[in-house]
Amino acid sequence: MRNAILALTLSLVAASSQAQFIPQPVFTLPGGGTLGRFLAKADFNRDGKLDILFAPTTPSEQIELAVFPGDGTGRFGAPIMSAPGGSVETAGDLNGDGLPDVVIRMIDPVTKVVAIGVMLADGTGKFKAPILFDTDIAGQMIVGDFTGDGKADLAVFADTLTVFPGKGNGAFGSPVSSPINLFEATCGVAAADFNRDGKLDLTTGQAVLLGNGDGTFQSPVTVVNGGCGVAVGDFNNDGIPDQVTTGATSGVRIFLGDGTGKFKNSAVYHTGDLAGSLGFAVDRFNGDANLDIAVTNAADNDATMLLGKGDGTFTFGKTFAVSTFDVLSGDFNGDHKIDLAVHSFPGFSVLPGKGDGNFAAPIAQNGQRGSTIQLADFNGDGKLDALEIGSLTTRSVASLGMGNGRFESPVPLPASCQSTSGVVGDFNRDGKLDIAIPGPGGIGICFGRGDGTFKAIEVAGVVEDGTPLGDLQTGDFNHDGKLDLLEEGNGGLSVLLGNGNGTFQSPIVTSVTGILAGFVTGDFNHDGKLDVAANINNQQVSVFLGNGDGTFQSPITTSNPFSFSMVASDVNNDGSLDLVTVARSTAGPYGIRVLLGNGDGTFKTLPFHQFAGVANFMVQDVDGDGKPDLIVDASPFLEVSLGKGDGTFKAATKFIAMKGVASLAAGDLNGDGLVDLVFLEKGQNAQFGTLITYLNQGH
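Residues numbered from 1 in each chain as written. Predicted model: local features only at pLDDT ≥ 70, side-chain atom pairs only at ≥ 80, totals over all residues. Heavy atoms only, no water.

**Concerning the overall build of the chain**
Along the backbone of the chain there are 0 helices and 56 strands. Every one of the 699 residues in the chain was classed for burial, and the buried ones make up 55%. The contacts in the chain between residues at least 6 apart in sequence include a share of 44% that link residues at least 24 apart. (Helix = DSSP H or I, 4+ residues; strand = E, 2+ residues; numbered from the N terminus. Buried < 20%, exposed > 50% of the residue type's maximum accessible area, 1.4 Å probe, protein only. Contact = heavy atoms within 4.5 Å.)

**Details of the sheet that holds strand 43 (residues 540–544)**
Backbone-to-backbone hydrogen bonds pair the strands of a sheet. The strands run either parallel or antiparallel. Taken in spatial order, the 4 strands make up an open sheet running 41-42-43-44, and their pairing is antiparallel. Across the chains shown, the open sheet's two edge strands, defined by having one partner strand only, are strand 41 (516–522) and strand 44 (556–559). Taking the axes of each pair of neighbouring strands and ignoring which way they run, one obtains an average angle of 20 degrees across the sheet. In this sheet, strand 43 lies alongside strand 42 (residues 531–536) in antiparallel orientation, the contact comprising 5 bridges. In the sheet register, valine 532 faces strand 43, and the bridge partner there is phenylalanine 544. (Pairing = 2+ DSSP bridges. Axes fitted to C-alpha atoms, helices over the stretch in contact; angles between N-to-C directions.)

**Details of the sheet that holds strand 29 (residues 372–376)**
Pairing is antiparallel across the open sheet formed by 4 strands, whose spatial order is 29-30-31-32. If you trace the sheet from one side to the other, it starts and ends with strand 29 and strand 32 (411–412), each paired once. Bridge analysis of strand 31 (residues 397–399) against strand 32 gives 2 bridges, and the strand direction is antiparallel. Paired with alanine 398 across the strands is valine 411, a residue of strand 32.

**Some points on the environment of threonine 605**
Relative to the helices and strands, threonine 605 resides in strand 48 (residues 603–605). Residue classification places threonine 605 among the partly exposed residues on the basis of a relative accessible area of 43%. In the structure, threonine 605 is positioned 42 residues away from glycine 647 in sequence and 10.0 Å away in space, judged by C-alpha atoms. When neighbours within four sequence positions are excluded, threonine 605 is seen to be in contact with Ser559, Arg593, Val594 and Leu595.

**Thoughts on unusual backbone geometry**
With a phi close to 65 degrees, lysine 112 is a non-glycine residue in the positive phi region. With respect to the helices, strands and loops of the structure, lysine 112 is situated in the loop between strand 6 (101–107) and strand 7 (114–119). One non-glycine residue with positive phi stands out, namely histidine 336, at about 65 degrees. Counting through the fold element by element, histidine 336 comes out in the loop between strand 25 (327–330) and strand 26 (339–344). Judged by relative accessible area, which is 75%, histidine 336 ranks as exposed.

**Focus: the pairing of strand 24 (residues 314–320)**
Burial within strand 24 is extensive, with 5 of its 7 residues counted as buried. Strand direction decides the pairing type here: strand 23 (residues 302–308) and strand 24, joined by 5 bridges, are antiparallel. By the bridge assignment for strand 24, leucine 306 is matched with phenylalanine 316. Where strand 23 hands over to strand 24, the hairpin turn is made up of 5 residues, of which glycine 310 adopts a positive phi near 90 degrees.

**What to know about the packing of aromatic side chains**
Under the counting rule described, the total for this entry stands at 25 aromatic pairs. Here the aromatic rings of phenylalanine 54 and phenylalanine 68 are separated by 5.8 Å at their centres, their planes lie at 85 degrees, and the arrangement is edge-to-face. Taken as a pair, phenylalanine 54 in strand 2 (residues 51–54) and phenylalanine 68 in strand 3 (residues 65–68) lie far apart in primary sequence, 14 residues in all. Across the pair, phenylalanine 68 and phenylalanine 54 agree in class, each one buried. Cluster of aromatic residues (ring-pair linked, three or more members): Phe27, Phe38, Phe54, Phe68, Phe76, Phe332 and Phe348. Between the NZ or CZ atom of arginine 584 and the centre of the ring of tyrosine 590, over which it lies, the distance is 5.1 Å. (Phe/Tyr/Trp six-rings, centres within 6.5 Å; stacked < 30°, edge-to-face > 60°. Lys NZ or Arg CZ within 6 Å of the ring centre and 35° of its normal.)

**Focus: the state of the cysteines**
Summed over the entire model, instances satisfying the criterion amount to 1 disulfide. Here cysteine 417 is linked by a disulfide to cysteine 446, with a sulfur-sulfur distance of 2.1 Å. Between cysteine 417 and cysteine 446 the sulfur-sulfur dihedral comes to about -125 degrees; the bridge is accordingly left-handed. Here the residue cysteine 417 occupies a position in the loop between strand 32 and strand 33 (423–425), and cysteine 446 occupies one in strand 35 (residues 442–446), the gap between them amounting to 29 residues. Across the pair, exposure class does not vary: cysteine 417 and cysteine 446 are buried alike. (Disulfide = S-S within 2.5 Å.)

**Re the nonpolar core**
Within the largest apolar cluster, 18 residues are counted, with the highest numbers of intra-cluster contacts made by Phe44, Leu53, Leu65, Val88, Val102 and Phe127. Elements represented by at least two residues in this core include exactly strand 1 (38–42), strand 3, strand 5 (87–92) and strand 6. (Core = buried A, V, L, I, M, F, W, Y, C linked by side-chain atoms within 4.5 Å.)

**Quick look at the confidence of the model for the chain**
Considering every residue of the chain, the mean pLDDT works out to 86; 88% of them sit at 70 or more. Of the regions scoring below 50 in pLDDT, residues 1–22 engages in 112 contacts with residues more than four places distant in sequence or in other chains. This stretch, residues 463–468, has a pLDDT under 50; its non-local contacts, to residues over four places away or in other chains, come to 14 contacts. (pLDDT = per-residue confidence, 0-100.)

**A look at the environment of valine 118**
Its place among the elements puts valine 118 in strand 7. Given the relative accessible area of 0%, valine 118 is considered buried. The spacing of valine 118 and glycine 92 is 26 residues in sequence and 9.8 Å in space, taken between C-alpha atoms. Beyond its immediate chain neighbours, meaning those up to four positions away, valine 118 contacts Leu94, Asp101, Val102, Ala129, Pro130, Ile131, Gly170 and Phe172.

**Examining the environment of leucine 413**
Topologically, leucine 413 is positioned in the loop between strand 32 and strand 33. With a relative accessible area of 7%, leucine 413 lands in the buried category. When residues no more than four places from it in sequence are discounted, the contact partners of leucine 413 are Leu387, Ser396, Val397, Ala398, Gln418, Ile435 and Phe454.

**Quick look at the side chain of threonine 304**
Structurally, threonine 304 is set in strand 23. One polar contact links threonine 304 to asparagine 297, side chain to side chain, over a distance of 2.9 Å. Engagement of the side chain of threonine 304 in a polar contact is seen with the side chain of threonine 319, the distance being 2.8 Å. (Polar contact = N/O pair within 3.5 Å; in protein donor to acceptor, adjacent residues only side chain to side chain.)

Below is the structure:
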């Protein structure tokens, strides 16, 4: 997990007919297949717009070359395909025309032996038939001018380090070898003039090989603590190349060059699990003269920005909640700001740069793997804060909102306030939000101080019979202006009338016949009194109409087979509360069933709305049209279905929640009047998860 709280803002591009919470468009290979890795960026079809080259594998296991032509707005057209006829090794400009060419390995159809081939870019997005050079040498490859003649050569790390001198037309001269065997240790390679002698050198991250300028290299100089993956850049602006490598398990290491091929010092930056193992992107992301680094965190499925200070040190930028393999920088939308292309299954996306080191991408920061997340303003600053209720293995914490979708570092609740459930409300009417938590001894109140912290439990509220309590909700059930509690316990539903000072009266128990599987509150019959709709036996809804004194009438029952959690909302805008429930069709898939309220505590059922793997959901007006919409956790996706205003919903739009959603909340996190999303993403660690925020950009 990341050791620092890191975040960035998500821009959501949507039309009025689309869901608002969607990622950048994903560009994929027609017919399916995997894209492989980013090979190069260039204007391959010479239309003045930046394109991206991949070496994908088709569903039939064929390796292809695919140039995705950019349209200058950050979007890409259908890929231009070429057949390499072999394995794709690397890319570089081998004929001096400004376009990257492709190096492959294949069987020479004439000699029937293994050969290296060069496929020259033809300026249309395609590549010419390969120019072959028979050799059985195989290993990591890199293109560069290692012989100092101004023509690009090819270096191959095998049992010897071999350079194939380029002729400037895609063909090679006789190879030159150095008795250096780094084949087993080489999993990344980069080139730069580390000793400033005008001759190109090589680094594997773990060793530097100084070039002699004739295609041969000196013995390796070990880089102490060097890592496997590597990228180079002048990070302290002294004119000497530096390098960044994978470092510790959760960090990357920066090495500053001393001008001799060695490094003066190094520093580790902890960005995330398996940091840099899938690569880096070195560029000027925030528009100043200093190089920055985008670091992939493979185990966290995200990428972190390190913003350069120009002296070889970096500040932590924001972490992008994108499911990413490797990354590639470039100005893909022509606004003169550096964007970040992220490769994620099954395609790739472009995160538009804002020119300040930020991108249009989800916010990611550390969180607990708790049971629920609730949003409320705990310090009275007008910004929504986050309460993460803990689980059996994690603590409950509160994090103050910054008003931009980010949250400050979490502060644990006092030990006596730790619980696996709880509700928020001002129970002592002091204008500060408190937390009520259920326990085997009754209800405990953790009074808020009004600054985002809470006092230890001072009063037990109501001491009960020791039976563990279930669900807990708030409401004013007797119209006295004091907040009451409704709990599952004592064999049914219990109302605890509030005294207005954080204490409560003895429970008023309403018996329930059957197994209580959840409940919601609302005025279902328009009499101004709070009612309760309860899920009984996962088969029916029983509505208990309130009498206005904490007691209820006999239940009114509506069939709702194979049902689970539910939400009360007026989804057809007729003024009567409806119920939206997670359910199953008979022995079939999970989905959403809507019960339209008749205004008297009874309902009529609408057709089943299927969602694959639905776990939990929310009903919110996402697009601001006054019609409630569905936000559904259908891990590994979040799905948004816009409401039609009649109780039915449009087809869902999906966006990735790769590791699954532990809990989900919604609210206006940046003060723009639009509903934003925040969810706790499940992590591999039993205690920690990632807090993800999607900011709603409206139409």
